[in-house]
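Report on the structure
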Amino acid sequence: MSTNYPAIIDDDPEVITRTRRGVERQAPQCCPQLTRFRLMAALGISMATIALLLLQCLPSPSRYALCCRDLAALNRAIVVKTIEPSDVENGDVIYVDAEYSERNKGGDRVHNKRTKRRLPQCIIIGVRKAGTRALLQFLDLHPAIAAQKQEMHFFDDDEHYARGLAWYRKRMPRTRPEQVTIEKTPAYFVESAVPERVRDMDRSTKLLLILRDPIERAISDYVQIHSTKSAMGKYHESFDELVIDPDTGQVDADYRPIERSVYHKHLSRWLEYFSLSQLHIVNGENLIRDPVAELRKVETFLGLDHRISAESFYYNKTKGFYCMRLQRRQKCLSPSKGRRHPDISPTTMKVLREFFRPLNSKLYDMIGVNFGWN
Ligand SMILES: Nc1ncnc2c1ncn2[C@@H]1O[C@H](COP(=O)(O)OS(=O)(=O)O)[C@@H](OP(=O)(O)O)[C@H]1O
């Protein structure tokens, strides 16, 4: 059964502007009166809140000191919240309009006594190029989820790991006790030291793994590498050249984009340290087609209420993907997500299908789910 998304299936009028923090997209400034009205309203609400706090401050000197601290925090929050969207920093997200009224879920800026930084109870372990960013951003719509938007590379990078769990914890967002902290680093899935290290942090950690047709994923991986090399002015062979060994005419299983797509091999390492019940596998193709249905399964896995609804999404025709509709702005993933794939020769595709067929069967047997990729 497919989800009923809002009827508006439209493109966004966008202009690109450059800010202190990089490139972002803004809606054209067509309604200055509206902007002025919003500013006045925000000012009015701030003044009223300050007046209320001052009234509470009057009765006792100790409460006066406490209130001054609250007022200072409130002041900082007003400034910070209006100038910077924290998750623009990772370059993976494009804001379609200019308003930064981020939901104050964990009290990231105003430190509520009930919030603190916690180690992640859930980790998106991979797999690279399968939709890990979309999964993280979409889950972050849930009020009981707080995501670290930057990839931490804590468990796969020896230097980071040597800094210890306290270092890692300090990099997590502040959360209330009932919230789930999530981080995503797709490299975790394929790096051999990681499963044991995650188990050593907390054996009850919940793992999310998003998978996609291994051939499509390998092509996407190639496109990512190709675009980095092109940006550096370096020559890069075609996918066909890299993937097929010219001597044997067979798939080069050591080529990294292929090796990373051999899911059953990497997963078996994780299953030495975690039970299958601690792992939820997200279907990457379904997340593109019907995000809400796929996210519902994740909400259930995490033991959370179903709070992410179709109202939070709209289909962006230009991008060809669902984007997020927040309170007063819209947000798509960056252009590096959803790049055009090159044409692959039918011979290469045939060899790849034959290569992956038995490997996919091994994965299906391991997890008891058939993704129907072949
Ligand atoms: N809503 C939405 N918007 C844009 N892109 C989406 C979305 N949902 C899933 N995807 C797919 O995400 C693919 C990129 O995967 P990752 O985010 O895991 O890449 S990365 O490993 O973090 O670089 C990316 O792969 P390519 O299409 O090959 O670029 C997308 O297909």
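Higher on the page you've got the structure.
Because the structure is predicted, anything quoted here is derived from the model rather than measured.

A covalent bond between the sulfur atoms of two cysteines is referred to as a disulfide. This model, assessed by the stated rule, comprises 1 disulfide. The residue that forms a disulfide with Cys323 is Cys332, at a sulfur-sulfur distance of 2.1 Å. Between Cys323 and Cys332 the sulfur-sulfur dihedral comes to about 100 degrees; the bridge is accordingly right-handed. Per residue, the accessibility class of Cys323 equals that of Cys332, and both read buried.

Bringing the side chain of His264 into the picture now. Tracing the backbone through its elements, the reader meets His264 in helix H10 (residues 263–270). Here His264 falls in the buried class, since its relative accessible area comes to 14%. For His264, the contacting residues outside a window of four places in its chain are Leu359, Lys362, Leu363 and Met366.

The next point concerns the pattern of salt bridges. In total, this model carries 14 salt bridges according to the counting rule given. A salt bridge links Asp221 to Arg217; the shortest N-O distance between them is 2.9 Å. Note that Asp221 and Arg217 are positioned in helix H7 (residues 214–231) at a spacing of 4 residues, about one turn of the helix. Like Arg217, Asp221 is buried. One salt bridge connects Glu294 with Lys297, and the closest N-O pair in it is separated by 3.1 Å.

What follows deals with the environment of Leu165. With respect to the helices and strands, Leu165 occurs in helix H5 (residues 165–170). The spatial distance from the C-alpha of Leu165 to the C-alpha of Phe155 is 9.9 Å, given a sequence separation of 10 residues.

So, on to the site of the ligand. Around the ligand, the surrounding shell holds 24 residues, and the nearest of these are Lys129, Thr132, Ser220, Gly338 and His341. At a separation of 2.5 Å, an oxygen atom of the ligand approaches a polar side-chain atom of Thr132. Within the backbone of Tyr322, an N or O atom sits 3.0 Å from a nitrogen atom of the ligand. Notes on the ligand: free accessible area 650 Å², of which the protein chains cover 95%. Of all elements in the fold, only helix H3 (132–139), H7 and strand S12 (321–325) reach the threshold of two or more residues within the shell around the ligand. Per-element accounting of the shell around the ligand gives the leading share, 4 residues, to H3.

What counts, and at which threshold
- Residues numbered from 1 in each chain as written.
- Predicted model: local features only at pLDDT ≥ 70, side-chain atom pairs only at ≥ 80, totals over all residues.
- Heavy atoms only, no water.
- Disulfide = S-S within 2.5 Å.
- Buried < 20%, exposed > 50% of the residue type's maximum accessible area, 1.4 Å probe, protein only.
- Helix = DSSP H or I, 4+ residues; strand = E, 2+ residues; numbered from the N terminus.
- Contact = heavy atoms within 4.5 Å.
- Salt bridge = Lys/Arg side-chain N within 4 Å of Asp/Glu carboxyl O.
- Near = heavy atom within 4 Å.
- Polar contact = N/O pair within 3.5 Å; in protein donor to acceptor, adjacent residues only side chain to side chain.
- Areas by Shrake-Rupley, 256 points an atom, 1.4 Å probe, with all protein chains shown as cover.

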